Amino acid sequence: TISKNYPLNKREHFMNKQLSSMKIKNLIYCIATLFCTSSFAETFLKGVDLSYELVSDLPTISLDSDHITQVLINLLGNALQYTPIGGKVTVKTDVKGNQIITLIQDTGLGIHPSELSRIFERFYRVDKSRARSSGGNGIGLTIARHLLFAHGGTIRVERSELGIGSTFAFTLPL
């Protein structure tokens, strides 16, 4: 359950970062390992191929590893949850200009174009029929957005097609 006092609306909660220098690639591997452990694999992987295309020489950046870990868990968890058996989820990284871009691509259900403008809203769920049965509360993308903004980053839907899948992109400054 969510406490009524959850500080989602308090910007200072998200601004309270414990910064350290690290490579986001290490966080991605760590989270992927978590999803591949026996207790999570049955729930999340369910016959979905999880792969990576990570730039080998990603620079070290200053970030709060707990916050960015939460972003990765939310995005990867959604991608794995909404990708059917036999589908694929791919994590990609790149450096463009003065930022690192991370893409989470899936071959899942996709999101209807009319829903795209609302998916980062607090408590908004695209699939209302799964609202509580899947364990979600509709705040994962909202939390990811706030955590990334607090780091000077962004998040967006790069593409989404019904029955084909979605790609979410987030950026973090160098």
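Details of the structure are given in the entry above.
Just so it is clear, the model here is predicted, and its values are computed rather than measured.

### Quick look at the overall build of the chain
A tally of regular secondary structure across the chain gives five helices and seven strands. Listing every helix and strand of the chain by position from the N terminus yields α-β-α-α-β-β-α-β-β-α-β-β. Counting all 174 residues of the chain, 41% fall into the buried class. In the chain, the proportion of contacts linking residues at least 24 apart, taken out of those at least 6 apart, comes to 70%. Here the chain has roughly 9,200 Å² of accessible surface; of this, 52% comes from carbon and sulfur atoms.

### Details of the nonpolar core
One recurring pattern in soluble globular proteins: nonpolar side chains tend to sit buried together. Membership of the largest hydrophobic core comes to 37 residues, with the highest contact counts inside it found for Ile24, Ile68, Leu75, Leu76, Val89, Phe170 and Leu172. Contributions of two or more residues to this core are made by α2 (24-36), β3 (61-63), α4 (65-81), β4 (88-96), β5 (99-106), α5 (140-150) and β7 (165-173). Top element by residues in this core is α4. It accounts for seven residues. Aside from chain neighbours lying at most four places away, what touches Phe170 is Ile24, Val71, Leu72, Leu75, Ile100, Ile101, Thr102, Leu148, Thr154 and Ile155.

### Some words on the packing of α4 against α5
Taken N-terminus to C-terminus, the directions of α4 and α5 make an angle of 145°; their axes are 9 Å apart at the nearest point. The chirality of how α4 crosses α5 is left-handed. Note on element contacts: α5 touches α4 through Gly140, Leu141, Ile143, Ala144, Leu147 and Leu148, opposite His67, Ile68, Gln70, Val71, Asn74, Leu75 and Asn78. Residue classes in the contact of α4 with α5 are distributed as eight nonpolar, five polar and no charged.

### Let's talk about the side chain of Asn74
Tracing the chain through its elements places Asn74 in helix α4. Look at Asn74 and you get buried, because its relative accessible area is 12%. Side chain to side chain, Asn74 and Gln70 meet in a polar contact 2.8 Å long. Those residues in contact with Asn74 that sit more than four places away from it in its chain are Gly140, Ile143 and Ala144.

### Considering the environment of Ala169
As for its position among the elements, Ala169 is in strand β7. For the pair Ala169 and Arg156, spaced 13 residues apart in the sequence, the C-alpha separation amounts to 5.5 Å. If we ignore the near neighbours within four places in the chain, the residues touching Ala169 are Thr102, Leu103, Thr154, Ile155, Arg156 and Glu158.

### Some remarks on α4
Taking 1.5 Å as the rise per residue, α4 with 17 residues should run 24 Å; its terminal C-alpha atoms sit 23 Å apart, in good agreement. Among all positions in α4, only His67, Ile68, Thr69, Val71, Leu72, Asn74, Leu75, Leu76, Gly77, Ala79 and Leu80 are buried. With a side-chain oxygen positioned 2.9 Å from the backbone nitrogen of Asp66, the residue opening α4 is Asp64.

### A word on the pattern of salt bridges
For the structure shown, the criterion picks out two salt bridges. Among the salt bridges present, the one from Glu53 reaches Lys92, with a minimum N-O distance of 3.6 Å. Within this pair, whereas Glu53 is found in strand β2 (residues 49-53), its partner Lys92 is found in strand β4, the two being separated by 39 residues in sequence. Exposure remark for Lys92: the relative accessible area of 22% places this residue in the partly exposed category.

The rules behind the values
- Residues numbered from 1 in each chain as written.
- Predicted model: local features only at pLDDT ≥ 70, side-chain atom pairs only at ≥ 80, totals over all residues.
- Heavy atoms only, no water.
- Helix = DSSP H or I, 4+ residues; strand = E, 2+ residues; numbered from the N terminus.
- Buried < 20%, exposed > 50% of the residue type's maximum accessible area, 1.4 Å probe, protein only.
- Contact = heavy atoms within 4.5 Å.
- Areas by Shrake-Rupley, 256 points an atom, 1.4 Å probe, with all protein chains shown as cover.
- Core = buried A, V, L, I, M, F, W, Y, C linked by side-chain atoms within 4.5 Å.
- Axes fitted to C-alpha atoms, helices over the stretch in contact; angles between N-to-C directions.
- Left-handed = near helix turned anticlockwise from the far one by under 90°.
- Nonpolar A, V, L, I, M, F, W, Y, C, P; charged D, E, K, R; others polar.
- Polar contact = N/O pair within 3.5 Å; in protein donor to acceptor, adjacent residues only side chain to side chain.
- Expected span 1.5 Å × (residues − 1).
- Salt bridge = Lys/Arg side-chain N within 4 Å of Asp/Glu carboxyl O.

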